[in-house]
Amino acid sequence: MASLSFNAINIKHPPFQSPKPISLFSSSLLKSIKIPSLSSKPTIISRKARPISVSESPVSLPLEAAEEDELLDDPTAELRYLDPEADPDSITEWELDFCSRPILDIRGKKIWELVVCDNSLSLQYTKYFPNNVINSVTLKDAIESVCDELDVPLPEKIRFFRSQMQTIISKACKELAIKPIASKRCLSLLLWLEDRYETVYMRHPGFQKGAKPLLALDNPFPMNLPDNLYGDRWAFVQLPFSEVKKEVLSLETTFAFGASLDLDLLGIEIDDEALVPGLAVSSSRSQPLAAWMNGLEVCSIEADVARASLILSVGISTRYIYASYKKTPESTNEAEAWEAAKKSCGGLHFLAIQNDLDSDDCVGFWLLLDLPPPSV
């Protein structure tokens, strides 16, 4: 891993110009982090895709022969897209949402929509449904239709982020021998849905202004951390964005555990010298700790000033009190500075697990992005 000043491939001491780390089991304090200013905020880049077919069901307006530009501009059109340069066999993981939209059909009922993509948006598929056919059988048939219409194989895994749809999605996946993964790490899907809200749903003739999402995302009260996830010490740290990008490139070959993000697809634009905030955790059993963390679909870390705690979000509806500290003006300032740094980076942050905070080794590295919930 490139030094926590991130040199070459190892974390160096002191990590990210970090002060003395807070122990998970003590009330030691940190000095305040100096937060650099950023010359630009992250931007999102979305790929234009060509719609091929249009639903003629009561929930979508049928189109007669139209020019391609008109199809692209039609908010009622359904989307079928596969990047011609993509290898269909390489698309083994999908991201999926199956939920109502703030749109009424001709019966005055909310339209439901299936949205499917992969993490690179090489595959994009949408289909509208009336609200009276929402079940696992409908979803199973729709998943098979994606494969038939785009000529791609069934995926090995499907990620989804709505806990309320877990039963339906899991049952449909089980019927097709697909592994369902409940995870908020559906970042390409979440960003695409936000883009569709503005470019498609708001322009649809049946759009309901001010309608709230039917299936809002859960934000449960944080639970105590399981014993196997505790580390020995932790510290707020920082890493230049240029080195974050190097870590993303080397993650698959350098570390056995962790997860990256497609920074190019997300369109994140930050000065290379700007410092990205993170959390370094050390443990004498770092290998098993990293292995356990690797199976949790780690989503984000939040410094909760009110609780004087760090909150770890995993999966879709699980939040843990990752660590606590004694609440003082100094520790509050430190936590607020860390959150401010995260906000300045558009929510980008990371988790690094080490054998020791003074060592050169990093066992796992997770690049995380704290996104607001989608508008739908």
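Cut-offs and rules
- Residues numbered from 1 in each chain as written.
- Predicted model: local features only at pLDDT ≥ 70, side-chain atom pairs only at ≥ 80, totals over all residues.
- Heavy atoms only, no water.
- Phe/Tyr/Trp six-rings, centres within 6.5 Å; stacked < 30°, edge-to-face > 60°.
- Helix = DSSP H or I, 4+ residues; strand = E, 2+ residues; numbered from the N terminus.
- Buried < 20%, exposed > 50% of the residue type's maximum accessible area, 1.4 Å probe, protein only.
- Pairing = 2+ DSSP bridges.
- Salt bridge = Lys/Arg side-chain N within 4 Å of Asp/Glu carboxyl O.
- Disulfide = S-S within 2.5 Å.
- pLDDT = per-residue confidence, 0-100.
- Contact = heavy atoms within 4.5 Å.
- Core = buried A, V, L, I, M, F, W, Y, C linked by side-chain atoms within 4.5 Å.
- Expected span 1.5 Å × (residues − 1).
- Polar contact = N/O pair within 3.5 Å; in protein donor to acceptor, adjacent residues only side chain to side chain.

Peer 1: Give a detailed account of the packing of aromatic side chains, specifying residues and quantitative values.
Peer 2: Across all of its chains, the model carries 6 aromatic pairs by this definition. Measuring from centroid to centroid gives 5.6 Å for F98 and F129, while their planes differ by 80°, and the two rings are edge-to-face. You can see F98 sitting in strand β3 (residues 93–104) and its partner F129 sitting in strand β5 (residues 123–129), a full 31 residues away along the chain. Across the pair, F129 and F98 agree in class, each one buried. Aromatic side chains F350 and F365 sit 5.4 Å apart centroid to centroid with 20° between the ring planes, which places their arrangement in the stacked category.

Peer 1: Please give an account of the sheet that holds strand β12 (residues 298–304) that cites residues and values.
Peer 2: Strands sit in the order β8-β14-β13-β12 across an open sheet of 4 strands; the sheet is mixed. Every interior strand has two partners, whereas the edge strands, β8 (223–224) and β12, have only one. Pairing of strand β13 (residues 309–314) with strand β14 (residues 318–324) involves 6 bridges; the strand directions are antiparallel. Bridge pairing links I311 to I321 in β14.

Peer 1: Would you mind going over the pattern of salt bridges in detail, with residue names and values included?
Peer 2: In this structure the tally under the stated criterion is 17 salt bridges. The residue E339 makes a salt bridge to K342 at a minimum N-O spacing of 3.1 Å. With E339 and K342 both in helix α8 (residues 329–344) and 3 residues apart, this pair spans about one turn of that helix. With a closest N to O distance of 3.4 Å, D370 and K342 form a salt bridge. One end of the pair, D370, is in the segment after β16 (364–369); the other, K342, is in helix α8, with 28 residues separating them in the sequence. Taken together, the salt bridges that share partners define one network made up of D97, R101, E113, R162 and R196.

Peer 1: Now, about the state of the cysteines: what can you tell me, with residues and values included?
Peer 2: Evaluation of the coordinates by the stated rule reveals 0 disulfides. Looking at C299, it has no disulfide partner, and the nearest cysteine sulfur is the one in C186, 8.5 Å off.

Peer 1: Help me get a handle on the confidence of the model for the protein chain, residues and values and all.
Peer 2: On average, the protein chain scores 81 in pLDDT, and the residues at 70 or more come to 78%. Within the model, pLDDT remains below 50 along residues 1–67, and this stretch shows 203 contacts once partners closer than five positions in the same chain are excluded.

Peer 1: Which residues make up the pairing of strand β4 (residues 110–117), and what are the values?
Peer 2: Judged by how many residues are buried, β4 sits mostly within the fold: 7 of 8 residues are covered. The pairing of β3 with β4 spans 7 bridges and is antiparallel. Looking at the pairing, E95 lines up with C117 of β4. Following β3, the chain reverses through 5 residues before pairing antiparallel with β4; G108 in that reversal takes a positive phi of roughly 80°.

Peer 1: Account for the environment of A291, naming residues and giving values.
Peer 2: Topologically, A291 is positioned in helix α7 (residues 286–294). Taking the C-alpha atoms as reference points, A291 and V363, separated by 72 residues in sequence, lie 9.3 Å from one another.

Peer 1: Can you tell me about the nonpolar core, naming the residues and giving the values?
Peer 2: Counting 72 residues, the largest nonpolar core has W94, L96, L114, Y201, L348 and L367 as its most contacted members. When residues of this core are assigned to their parent elements, the largest contribution, 7 residues, is made by helix α4 (residues 187–199). Leave out the neighbours within four places in its chain, and L96 touches L114, V115, V116, L139, I143, I158, R159, F160, I169 and L189. Core analysis: the second largest hydrophobic core is formed by 29 residues, L229, L279, A303 and V363 among them.

Peer 1: Can you lay out unusual backbone geometry for me, pointing to particular residues and giving the numbers?
Peer 2: In the Ramachandran plot, E297 falls in the positive-phi region, its phi being about 55° despite a non-glycine side chain. In this structure, E297 sits in the loop between α7 and β12. Positive phi, close to 55°, is recorded for A308, a residue that is not glycine. When you line up the elements, A308 lands in the loop between β12 and β13. Under the relative-accessibility criterion, A308 is labelled buried at 7%.

Peer 1: Can you tell me about helix α2 (residues 136–150), naming the residues and giving the values?
Peer 2: Spanning 15 residues, α2 covers 21 Å between terminal C-alpha atoms, matching the ideal 21 Å at 1.5 Å per step. Three or more residues of α2 are buried, namely S136, T138, L139, A142, I143, V146, C147 and L150. Residues of α2 that are buried make contact with β2 (80–82), β3, β4, β5, β6 (157–160) and α3 (166–175). The opening residue of α2, the one whose side-chain oxygen lies 3.1 Å from the backbone nitrogen of V137, is N135. Following α2 by one or two positions, D151 adopts a phi angle in the positive range, close to 55°.

Peer 1: Provide a residue-level description of the environment of E297, including the pertinent values.
Peer 2: Of the residues examined, E297 reaches a relative accessible area of 16% and is grouped as buried. Residues E297 and R185, 112 residues apart in the sequence, show an inter-C-alpha distance of 7.0 Å. Ignoring sequence-local partners within four residues, the contact set of E297 consists of R159, I181, A182, S183, R185, S313, V314 and G315. Within the local environment of E297, its side chain forms a polar contact with the side chain of R159, the two groups lying 2.9 Å apart.

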